[in-house]
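What follows is the residue order along each chain.
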There are 2 protein chains.
Amino acid sequence: MFRIEKIAVVLLVLIGLSSSPAIGAEQAKSDSLPSWNEGASKKSIVDFVARVTREGGPDYVKPEERIATFDHDGTLWAEQPMYFQIAFAMDRVKALAPKHPDWKNKQPFKAVFDNDTKALALLGETGFLKIIAATHTGMTTDEFNKIVADWIATTRHPRFNRLYTELVYQPMLELLNFVRANGFKTFIVSGGGVEFMRVFTERIYGIPPEQIVGSSGVVRFQLRPDGKPVLLKESKIEFVDDGPGKPVGINRFIGRRPIFAFGNSDGDQQMLEWTAAGSGARFMGLVHHTDAEREWAYDRKSYVGRLDKALDEANAKGWTVVSMKTDWKRIFPFEQ
Amino acid sequence: MFRIEKIAVVLLVLIGLSSSPAIGAEQAKSDSLPSWNEGASKKSIVDFVARVTREGGPDYVKPEERIATFDHDGTLWAEQPMYFQIAFAMDRVKALAPKHPDWKNKQPFKAVFDNDTKALALLGETGFLKIIAATHTGMTTDEFNKIVADWIATTRHPRFNRLYTELVYQPMLELLNFVRANGFKTFIVSGGGVEFMRVFTERIYGIPPEQIVGSSGVVRFQLRPDGKPVLLKESKIEFVDDGPGKPVGINRFIGRRPIFAFGNSDGDQQMLEWTAAGSGARFMGLVHHTDAEREWAYDRKSYVGRLDKALDEANAKGWTVVSMKTDWKRIFPFEQ
């Protein structure tokens, strides 16, 4: 139950910190970060990358040690009005409803049918976990991948009327390319479900499945009577890659400490602390959601993506805090 | 307890199948597999690599899908007379003995001090688990890494009087290089401990830590009173990457199905089945330990690395079974 409760926390609390932008080392002059305004945030990134890639310099880091980790929800794509994976789960509840007539008057499903997000929130973690269990398990990994692929290819965000995959942050796409061009290996380290993300993260971020770290449920190998092996998704949480789980996930999946990490919420605090505690040059960044007009503005009081303790720590320790409003010229790729 | 028992199985049963050798696609002519004798095994590898890399051909596979997974013990390095990680654990028991006077007459530790491997075997999984818990946990990941690094740099194998890292198979080193030169990404998928392996696998195989999948114990993030974060290794098994756990580990860590897999024991059977069940061209290989003179000869009756059911399946399905004795010109790099 400990783990089950934690995944709910992940699902409920993954929206809020911030990540840091900049130009780039050698490429800095031609500006490979065109969507970033000139300023301290951009400069901190560009300077860091220049320092660790300067051969013979005091802060030089060998390419194989240039590990960069990025949170996903709220750091690489938006996360309002709810984590996109929760929107997916709610859509799945509706799609599966004909097979489950008993759900009609039963919580938490009733709240989903009523689009009653307040009631849902009141149902708390247990309610969300029931929804996740009902929509993410009891099928093979291949079946789940196909369901996610179909949903992500067709479903539009209520505010922007865009595919969810269009709500990625243009400055962060540039940043991913910029650090990769400087020899970094980029990873996503997210509280979101690892199998959910992997369906589209290679296409939209250029990050392959094996560089995605996330939360997961138990999966079981089964040899079917016809001799075909399958992996079955079971309704038990296995690992919650959030908060103190992020350094644990980094240790387990990557096996090296990042030298560069970006998040946007208190769920990223321990990842940034773990990154900061290594020897040599380090970069810690937070995306601060400060633009209610172009995106959303939220931090310390937000239910999703709360950025409170990590913001204090970032300010105290001089980590880079990127203000969406002032640091980013453009937020989404579809903006002109 | 279920998982704890399984790790013991891993530790006890990880020695025996086999992997398959060959020249190389375009490089085949200049022979990038010089330690492989000409024959069906080498040909099956070279032909497979040629087919999946031929652009426009019916079996072409894009580079990002060229995932190759290799078991470790008995597939990339030797595993007799006991898994090398168990030799490490036994050495650690001896090193720690002064701090634990109560171990002297207490099993399983007494059997270690007496070098009584038969008694140890009779103590079974529980005995090994006590040794693993006593030697692999209760410290930070950094502390553990240093202990492994010191041991692996100095300890010699009893039969060959060579460092354990010298007991890698030259033909498999060539094979790793050969498939990488043809655009494959190579992974180790082993029942061994992931943190143990990562200390040296990049240096000896050219496989970075993030491409090592293995068994693991629970690790916990802790912020020390001085503000320094550490990861503590706890005495609870988290994941056993063996047998049916291998496809699960592949799904979790890699998130793609391999098209090429090599093992040497029944613990690799499900990994090979999972690989075989994908669409398109597939390669499944086993290293069969058939050379008592240069290495060891064992299979169906071996306590460690048993190769029995997987050998039957390989024969029935036409997977490549590499005979060390007849397929490999040279086994270890130190041979002339």
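All figures in this text were calculated on a predicted structure; none of them were measured in a lab.

Caption draft 1: Just the packing of aromatic side chains, in detail. Residue and element names in this part refer to chain A. Under the defined criterion, the tally for this structure stands at 51 aromatic pairs over all chains. A centroid spacing of 4.5 Å and a plane angle of 55 degrees characterise the contact between Phe 84 and Tyr 164, whose relative ring orientation is tilted. Within this pair, whereas Phe 84 is found in helix α3 (residues 84-96), its partner Tyr 164 is found in the loop between α6 (141-154) and α7 (170-181), the two being separated by 80 residues in sequence. Tyr 164 matches Phe 84 in its accessibility class, with the two residues each being buried. When the ring of Trp 103 is compared with that of Phe 109, the centres are 4.2 Å apart and the planes differ by 5 degrees; the resulting orientation is stacked.

Caption draft 2: Seen up close, the sheet that holds strand β8 (residues 320-323) of chain A. Residues and elements named next belong to chain A. Reading across from one edge, β2-β5-β4-β3-β1-β6-β7-β8 is the order of the eight strands in this open sheet, with mixed pairing throughout. Each of the sheet's edge strands pairs with one partner strand only, and the pair in question is β2 (139-140) and β8. As paired elements, strand β7 (residues 283-288) and β8 share four bridges and run parallel to each other. Residue pairing in the sheet places Gly 285 in a bridge with Thr 320 of β8.

Caption draft 3: Region of interest: the sheet that holds strand β2 (residues 139-140) of chain B. Residues and elements named next belong to chain B. Taken in spatial order, the eight strands make up an open sheet running β2-β5-β4-β3-β1-β6-β7-β8, and their pairing is mixed. Looking at the sheet topology across the chains shown, the edges are occupied by β2 and β8 (320-323). Here β2 pairs with strand β5 (residues 229-239) via two bridges, running antiparallel. Each bridged residue has a counterpart across the sheet, and for Thr 140 the counterpart in β5 is Leu 232. Seen against the sheet, helix α2 (residues 40-53) touches β6 (260-263), β7 (283-288) and β8 and runs at an angle of roughly 135 degrees to β8.

Caption draft 4: The arrangement of the relation of the copies chain B and chain A in detail. Mapping chain B onto chain A leaves a residual RMSD of 0.0 Å; the transformation is a rotation of 180 degrees accompanied by 0.0 Å of translation along its axis. Both copies of the chain, as the preceding transformation shows, are related through a two-fold rotation axis. Residues of chain B ranked by C-alpha distance from the rotation axis are headed by Phe 253 of chain B, positioned 3.2 Å from it. When the interface residues of chain B are mapped onto chain A, 100% of them are again interface residues, pointing to one common binding face.

Caption draft 5: Structural detail: empty space enclosed by the protein. On inspection of all chains with the given rule, the structure shows six cavities of 30 Å³ or more. If you add up the space inside the largest cavity, you get close to 60 Å³. If you trace the largest cavity, you find it lined by Val 248, Asn 251 and Arg 252 of chain A together with Val 194, Glu 195, Ser 216, Gly 217, Val 219 and Glu 238 of chain B. Breaking the lining of the largest cavity down by element, the ones donating at least two residues are α10 (245-254) of chain A together with α8 (194-198) and β4 (212-223) of chain B. Its residues assigned to classes, the lining of the largest cavity comprises three nonpolar, three polar and three charged. If you go around the second largest cavity, the residues you meet are Val 194, Glu 195, Ser 216, Gly 217, Val 219 and Glu 238 of chain A together with Val 248, Asn 251 and Arg 252 of chain B. Within the lining of the second largest cavity, the residues separate by chemical class into three nonpolar, three polar and three charged.

Caption draft 6: Here's a closer look at the interface of chain B and chain A. With 36 residues of chain B at the interface, the matching set in chain A holds 36 residues. In total, chain B and chain A occlude about 3,100 Å² of area from one another, counting both sides; carbon and sulfur atoms represent 53% of this. By the criterion of area lost to chain A, the three top residues of chain B are Glu 210, Phe 221 and Arg 252 of chain B, representing 21% of everything that side buries. On the surface where chain B and chain A come into contact, there are ten salt bridges. Across the pair Arg 256 of chain A and Glu 210 of chain B runs a salt bridge, and its minimum N-O distance is 3.4 Å.

Caption draft 7: A look at the packing of α3 of chain A against helix α5 (residues 117-136) of chain A. Residue and element names in this part refer to chain A. Direction vectors running N to C along α3 and α5 enclose 65 degrees, while the axes themselves pass 10 Å from each other. Relative to α5, α3 is oriented roughly perpendicular. Seen from above, α3 lies across α5 with left-handed handedness. The segment α3 lies against α5, with Gln 85, Ile 86, Phe 88, Ala 89, Met 90, Arg 92, Val 93 and Leu 96 engaging Leu 120, Phe 128, Ile 131, Ile 132, Ala 134, Thr 135 and His 136.

Caption draft 8: Fine view of helix α7 (residues 170-181) of chain B. All names here are of chain B. Taking 1.5 Å as the rise per residue, α7 with twelve residues should run 16 Å; its terminal C-alpha atoms sit 17 Å apart, in good agreement. Taken across its twelve residues, α7 has nine buried, putting it largely inside the fold. Where α7 is buried, its residues touch α2, β1 (67-70), β3 (185-193), α9 (201-205), β6 and β7.

Caption draft 9: Quick look at the confidence of the model for chain A. All names here are of chain A. The predicted model of chain A averages 91 in pLDDT, with 91% of residues at 70 or higher. Of the regions scoring below 50 in pLDDT, residues 1-29 engages in 156 contacts with residues more than four places distant in sequence or in other chains. Here the predicted complex carries an ipTM of 0.89, next to a pTM of 0.91.

Caption draft 10: Main features of the nonpolar core. Counting residues in each nonpolar core, the largest one holds 57 residues, and the members touching the most others are Phe 70, Met 172, Leu 175, Tyr 205, Phe 260 and Phe 262 of chain A. Here this core gets six residues from one element, more than from any other, and that element is α7 of chain A. Among all residues touching Tyr 205 of chain A, those that are not within four sequence positions of it are His 72, Leu 76, Trp 77, Val 168, Leu 173, Leu 176, Arg 180 and Ile 188 of chain A. Formed by 55 residues, the second largest nonpolar core is a distinct cluster that contains Phe 48, Leu 76, Trp 77 and Ile 204 of chain B.

Caption draft 11: Molecular detail of the pattern of salt bridges. On inspection of all chains with the given rule, the structure shows 46 salt bridges over all chains. Between Asp 59 of chain A and Arg 51 of chain A there is a salt bridge whose closest N-O contact spans 2.9 Å. The exposure class of Arg 51 of chain A is partly exposed, given its relative accessible area of 35%. Look at the salt bridges and you will find they share partners, linking Glu 65, Lys 185 and Arg 256 of chain A together with Glu 202 and Glu 210 of chain B into a network.

Caption draft 12: Main features of the pairing of strand β5 (residues 229-239) of chain A. Most of β5 of chain A is tucked away, with eight of its eleven residues classed as buried. Hairpin remark: strand β4 (residues 212-223) of chain A followed by β5 of chain A, antiparallel, with five residues in the connecting loop; positive phi at Gly 227 of chain A, about 90 degrees.

Caption draft 13: Focus on the packing of helix α3 (residues 84-96) of chain B against helix α6 (residues 141-154) of chain B. Residues and elements named next belong to chain B. It is the contact of α3 with α6, at a shortest axis distance of 11 Å, that shows an interaxial angle of 105 degrees. By the angle between their axes, α3 is roughly perpendicular relative to α6. Contacts between α3 and α6 involve Phe 84, Ala 87, Phe 88, Asp 91 and Arg 92 on the former and, on the latter, Phe 144, Ile 147, Val 148 and Trp 151. The residue makeup of the contact of α3 with α6, split by class, is seven nonpolar, no polar and two charged.

Caption draft 14: Spotlight on α5 of chain A. Residue and element names in this part refer to chain A. Here α5 spans only 20 Å end to end across 20 residues, well under the 28 Å set by a 1.5 Å rise per residue. The largest bend in α5 comes to about 110 degrees, at Gly 124. Once α5 finishes, Gly 138 follows within two positions and takes phi at roughly 75 degrees, a positive value.

Scoring rules and cut-offs
- Residues numbered from 1 in each chain as written.
- Chains lettered and ligands numbered in written order.
- Predicted model: local features only at pLDDT ≥ 70, side-chain atom pairs only at ≥ 80, totals over all residues.
- Heavy atoms only, no water.
- Phe/Tyr/Trp six-rings, centres within 6.5 Å; stacked < 30°, edge-to-face > 60°.
- Helix = DSSP H or I, 4+ residues; strand = E, 2+ residues; numbered from the N terminus.
- Buried < 20%, exposed > 50% of the residue type's maximum accessible area, 1.4 Å probe, protein only.
- Pairing = 2+ DSSP bridges.
- Contact = heavy atoms within 4.5 Å.
- Axes fitted to C-alpha atoms, helices over the stretch in contact; angles between N-to-C directions.
- Least-squares fit on C-alpha atoms with pLDDT ≥ 70 in both.
- 1 Å grid on protein atoms, 1.4 Å probe; cavity = no way out; pocket = protein on both sides within 12 Å on 5 of 7 lines; lining within 4 Å.
- Points joined across faces, edges and corners; volume = space filled by probe spheres on them.
- Nonpolar A, V, L, I, M, F, W, Y, C, P; charged D, E, K, R; others polar.
- Buried area = accessible area lost by both parts, 1.4 Å probe.
- Salt bridge = Lys/Arg side-chain N within 4 Å of Asp/Glu carboxyl O.
- Parallel < 35°, antiparallel > 145°, perpendicular 65-115°, else oblique.
- Left-handed = near helix turned anticlockwise from the far one by under 90°.
- Expected span 1.5 Å × (residues − 1).
- pLDDT = per-residue confidence, 0-100.
- Core = buried A, V, L, I, M, F, W, Y, C linked by side-chain atoms within 4.5 Å.
- Bend = angle between axes of the 7 residues up to and from the residue.

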